[in-house]
Amino acid sequence: MRQWLLLLLLIFCWMAAGFAFFDGAETRESAGAALPKDVQRIVSLAPNLTEILFALGLDEQIAGVTIFSDYPPAAMKKRKIGSFWQPNIEAVIAAKPDLVVTLEFPQQKEAARRLRRLGCNCLTVNIEKVGDLFEAIDRIAEATGKDAEAAELASNLRSRLDVLSASAAKYERAKVLWVIAREPLRVAGRDTFVNELIELAGGENAIGRTVHKYPPIGSEQVIASAPDVIIEPAMGSKTVSEQQKEALRYWSRFKNVPAVANGRIYVISPDTVCRLGPRLHQGVETVARCLRPQLFAD
Amino acid sequence: MTEILTPNKLIVRIAWALLLLLAVMFVCSLIGTERISLKAVFAGDEAGSAVNPDYEIFVRVRIPRIVLGAIVGAALACSGVVFQALLRNPLADPYILGISSGAGLGAMIAVLVGLNSAVFGRSPIAVFAFAGAMGTVWLVWFIGRLTGKFHLTGLLLAGVVVNAFFSAVIMFLTSVARSDEVYGTMFWLMGNMAEEDFLVVWTAGGCVAAGIAALFYLGPQLNALSFGEDDARSIGVNTGRTRTTAFAIAAFMTAIAVSISGLVGFVGLIVPHAVRLVLGPDHRQLLPLSAIFGAIFLVAADTLARIVVAPAQLPVGVVTAIAGGPFFLLLLVRYSKKVGWSK
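Residues numbered from 1 in each chain as written. Chains lettered and ligands numbered in written order. Predicted model: local features only at pLDDT ≥ 70, side-chain atom pairs only at ≥ 80, totals over all residues. Heavy atoms only, no water.

Novice: Could you give me a rundown of the interface of chain A and chain B, with the residues and numbers involved?
Specialist: With 43 residues of chain A at the interface, the matching set in chain B holds 48 residues. Considering only the surface of chain A that becomes buried against chain B, Trp4, Gln86 and Glu90 of chain A emerge as the three largest contributors, covering 17% of it. The residue Asp197 of chain B makes a salt bridge to Arg117 of chain A at a minimum N-O spacing of 2.4 Å. The tally of links from chain A across to chain B stands at 9 residue pairs in polar contact (both at pLDDT 80 or more). Among the secondary structure elements, those contributing two or more residues to the side of chain A that touches chain B are α1 (2-22), α3 (89-94) and α4 (106-117) of chain A. Looking at which element gives the most residues to the side of chain A that touches chain B, the answer is α1 of chain A, with 10 residues. (Contact = heavy atoms within 4.5 Å. Buried area = accessible area lost by both parts, 1.4 Å probe. Salt bridge = Lys/Arg side-chain N within 4 Å of Asp/Glu carboxyl O. Polar contact = N/O pair within 3.5 Å; in protein donor to acceptor, adjacent residues only side chain to side chain. Helix = DSSP H or I, 4+ residues; strand = E, 2+ residues; numbered from the N terminus.)

Novice: Got a sec to walk through the environment of Gly102 of chain B? Specific residues and values, please.
Specialist: All names here are of chain B. With respect to the helices and strands, Gly102 occurs in helix α4 (residues 99-113). Separated by 32 residues in sequence, Gly102 and Met134 place their C-alpha atoms 8.0 Å apart. Apart from the residues within four sequence positions on either side, Gly102 is in contact with Gly132, Ala133, Thr136 and Phe166.

Novice: Got a sec to walk through the packing of α4 of chain B against helix α5 (residues 124-146) of chain B? Specific residues and values, please.
Specialist: Residues and elements named next belong to chain B. At a minimum axis separation of 7 Å, α4 and α5 run at an interaxial angle of 145 degrees. Regarding α4 and α5, the two cross each other, and that crossing is right-handed. Residues Ile99, Gly102, Ala103, Gly106, Ala107, Ile109, Ala110 and Val111 of α4 lie in contact with α5, whose contacting residues are Pro124, Ile125, Phe128, Ala129, Gly132, Ala133, Thr136 and Val137. (Axes fitted to C-alpha atoms, helices over the stretch in contact; angles between N-to-C directions. Left-handed = near helix turned anticlockwise from the far one by under 90°.)

Novice: Break down the pattern of salt bridges for me, citing the residues and quoting the values.
Specialist: On inspection of all chains with the given rule, the structure shows 20 salt bridges over all chains. Residue Glu149 of chain A is joined to Lys146 of chain A by a salt bridge in which the shortest nitrogen-to-oxygen separation is 3.9 Å. A relative accessible area of 33% means that Glu149 of chain A is categorised as partly exposed. A residue is classified by how much of its surface remains accessible, and Lys146 of chain A, at 16% relative accessible area, is buried. Here Glu229 of chain B makes a salt bridge to Arg233 of chain B, at a shortest N to O gap of 3.2 Å. (Buried < 20%, exposed > 50% of the residue type's maximum accessible area, 1.4 Å probe, protein only.)

Novice: Provide a residue-level description of the packing of aromatic side chains, including the pertinent values.
Specialist: Throughout the structure, instances matching the rule amount to 13 aromatic pairs over all chains. Ring centres of Trp14 of chain A and Trp202 of chain B lie 4.1 Å apart, and the angle between their planes is 10 degrees; this geometry places the pair in the stacked category. On the criterion of chain membership, the pair formed by Trp14 of chain A in helix α1 and Trp202 of chain B in helix α8 (residues 198-217) is interchain, its members lying in two chains. Among the aromatic residues, those joined into a ring-pair cluster are Phe84, Trp85 and Phe105 of chain A. In this arrangement the basic side chain of Arg158 of chain A is found over the ring face of Phe134 of chain A, its NZ or CZ atom lying 4.0 Å from the centre. Over the ring of Tyr335 of chain B we find Arg334 of chain B, and its NZ or CZ is 5.1 Å from the ring centre. (Phe/Tyr/Trp six-rings, centres within 6.5 Å; stacked < 30°, edge-to-face > 60°. Lys NZ or Arg CZ within 6 Å of the ring centre and 35° of its normal.)

Novice: Describe the packing of helix α1 (residues 7-30) of chain B against helix α3 (residues 53-87) of chain B, naming the residues involved and giving the relevant values.
Specialist: Residues and elements named next belong to chain B. In contact at an axis separation of 10 Å, α1 and α3 are set at 140 degrees when each is read in the N-to-C sense. As for how α1 packs across α3, the hand of that crossing is right-handed. Contact with α1, carried on its side by Met25, Cys28, Ser29 and Leu30, involves Phe58, Arg62, Ile63, Ile66, Val67 and Ala70 of α3 and no other residues of that element. Tallied by class, the residues present in the contact of α1 with α3 amount to 8 nonpolar, 1 polar and 1 charged. (Nonpolar A, V, L, I, M, F, W, Y, C, P; charged D, E, K, R; others polar.)

Novice: Give a description of α8 of chain B that names residues and reports values.
Specialist: Along an α-helix, a turn takes 3.6 residues, which lines up residues three or four apart on a common side. Between its first and last C-alpha atoms α8 of chain B spans 28 Å; for 20 residues at 1.5 Å apiece the expected length is 28 Å, and the two agree. Counting buried positions along α8 of chain B yields 14 of 20 residues, so the element is predominantly enclosed. (Expected span 1.5 Å × (residues − 1).)

Novice: Describe the side chain of Thr174 of chain B, with residues and values.
Specialist: With respect to the helices, strands and loops of the structure, Thr174 of chain B is situated in helix α6 (residues 152-176). Thr174 of chain B has contacts with Met108, Val182, Tyr183 and Met186 of chain B, leaving out every residue within four places of it along the chain.

Novice: So what's going on with a nonpolar patch on the surface? Residues and values would help.
Specialist: On the surface, a cluster of nonpolar side chains totalling about 330 Å² of accessible area is made up of Phe26, Val27, Leu30 and Ile31 of chain B. Structurally, Leu30 of chain B can be placed in helix α1. (Patch = residues over 30% accessible without salt bridge, like charges linked within 9 Å, V, L, I, M, F, W, Y side chains within 5 Å. Areas by Shrake-Rupley, 256 points an atom, 1.4 Å probe, with all protein chains shown as cover.)

Novice: Got a sec to walk through the nonpolar core? Specific residues and values, please.
Specialist: Formed by 101 residues in total, the largest nonpolar core has its most connected members in Leu87, Leu97, Leu215, Phe247 and Val267 of chain B. Sort the elements by how many residues they give to this core and α3 of chain B lands first, with 15 residues. In this structure, Leu215 of chain B is in contact with Cys78, Val82, Leu222, Ala246, Ile249, Met253 and Leu287 of chain B, ignoring residues within four places of it in sequence. Phe134, Ala141, Ala201 and Cys290 of chain A belong to the second-largest nonpolar core, a separate cluster that totals 53 residues. (Core = buried A, V, L, I, M, F, W, Y, C linked by side-chain atoms within 4.5 Å.)

Novice: Could you give an account of the sheet that holds strand β3 (residues 99-102) of chain A, with specific residues and numbers?
Specialist: Residues and elements named next belong to chain A. The 4 strands lie next to each other as β2-β1-β3-β4, forming an open sheet whose pairing is parallel. Each edge of the open sheet carries a strand with a single partner, namely β2 (62-64) and β4 (122-124). Put simply, the sheet's adjacent strands are angled 30 degrees from each other on average, direction ignored. Relative to the sheet, helix α2 (residues 47-55) contacts β1 (42-44), β2 and β3, its axis offset from that of β1 by approximately 140 degrees. Running over the sheet, α4 touches β3 and β4 and is turned about 160 degrees from β4. (Pairing = 2+ DSSP bridges.)

Given below as C-alpha cells:
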C-alpha cells in the first residue's frame, strides 16, 4: 500500500511541476498580427484560397500552397506545404509566413490552432456558399491591404454573374440532378453551393430538401425526381470522355427518366464547379452550357 | 527457454534498449521534410532579427512530436502486454475491450457537436476521446462483472460486442451527418501524430511512466496469473486485486495514448509478441522492454509517416500496420521453433 501512495504522490508532484513550468509560458498567441502592409509571405491551405490570393494580385507574396493548388498555372511553381487534409506544419513554418490563410473545416481549424500556438498569424475564413465567398475575399483583402483590388474583383464577379442569370431568366428552369458519386449514388442537395451554382445558371435542383448536404439516394428517388439534365463533375484520374462513356452506360438503366431519354447527360471538368473561388462565373457558365446547349452552339 | 532472468541481465538489457531508443529518437529528429541545421537550431529562439524557423521546427514541432510518439508507443505496447496476460489470449491488444470504438465515438461526437474550447491546451476531440475510452472500459468491465467474477469469456465477449455496437453507432453517425466534416475524423481513426504543448508532453509522459513503473511492480503477480487463476491463488497472489489494478492502469494508459494520437493499431499487438518471442515471457522483463521497443517502433513509424509522401503526411496507423506486419511474421517464423510451439 505504501508504494502506491508514494507513486501517487510522485505523479502529483510531477504534474504540479509541469503546470508550474509550462502553463501560460507556452502560448505565444498574444504576438500581434502583422499589419496589412507588412504581409510579405502568405501561405494558403486550400486551392480556392490560392485562387483568391492570386486574383487579388498577391502573386509575389504567396510563399506556399497545397499540392492540389493547380490554378493559376503560377501556383504550381510555388512551394508545396502538404495537402488540404494533411497540411505539413514543418513545411508551413519553413516557408516563414507572416500570414496563413485557412478554411473553416475541422481539419483546417485544427491546423490553424497548431500554427497559432507556434506564433503564426492565421486567418480562418468560411467559404461554403456564394455569399461567403464575397465575405472571404473582403476579409483576405483587409488582412493584406488589397481593398481596392477586392472591390474590383467582387464587382467584376457580380456583374458577370448578373449577366449570366439575366440570360437564364428568359428560359424555363430545367431540373438538374448533380451527381457526386455513382456507386453508391450520392447527389448534391439543396443546402450546398452546388445548388446555388445550378440556380445561378438558370436550373433547379431535382432533389428537394434533405437531411444530408449530399444525400445518398436510391433508384426510386432518381425516377421520382425526373431530372431534365444529369450533370457529373469528372472524378479522380479518369478523363472526361472516359467518364462520359461510363455515365451513359450507367444511366441507360433509367430509360424513362427525361434526362436519359433525351440524352442530356453531361460529364464536366470539375475545376471550376467544385471549387468555390474567383472563377465562379466560369463554373456557372459551364453549367449553363449544359442546361441550354443550343445557346452556346457557336 | 531455459535461460534464467537475473537482475543484472535485466538492467543491462534495459540500459541497451534505452540507449537504442535515445539513438533512434535523435536520428529521427534530424529527419524530416524540411532540411534543418543543428547549428542554426543552437543559435536559439530569436537569432538575429526574425523568428528562427530551424529552431521553431526542431524544438517546437519535431521534438514534441517524437517524444509524444515514444510515449504513445510505450503506453500501447505495455498495455498490450497486460491485456494479453490478463485475458490469457494472444490476440488481445489494448483495443480489445472496446477502447477504440469508445474513443472514436467520443471524437466523433466532439466533431458533430462542434465544440471549440480547449481544455488544458488539448482539443475537445482529445478530451472526448479520453472520456469515451474510459467510459467504455468501465462499461465493459461492469458487464463482464455481471457475467461472473473475473469470468474471462464474459469479459471478452462483452468487449467484442460493445466494440461492434459502438462501431455501428459511429457508422450510423457518419452516414446521417449533415456535412462531410466527419470525414476529417477518418484520419483520426487511422491514428495520427501531431506536435503538442510541452505541458501535454510532460503530463502524458508522467502518467505513462508512472503506469509502467506500477505495472513493473505487479510483474511477478502477472507471471503467476498467466499460469492460471488457481495456480496463482495457490501461491498466495491476491488475484482479484492484481487483475483490477493492472486492468485499470492499462486502460488508463491506453486512453491517454488514444487521446494523443487517435487509433494507432498494431503496436500493442505485435511489440509484446515480438519481445516475448525473442527474449522470453517473464513479465518483469517483458513490461519494460515492450515499453521501450514500442516507443522505438512508433517513433520510427511516425518518422516514415512524416516523410514518405512528402510534403503531405500519412496517418501513422497505416505505417505501423504496413511496416509492422511483415516484420512480425518474419520474427514469428524465425523464433517460434526456439520457443517450442512446434512440439
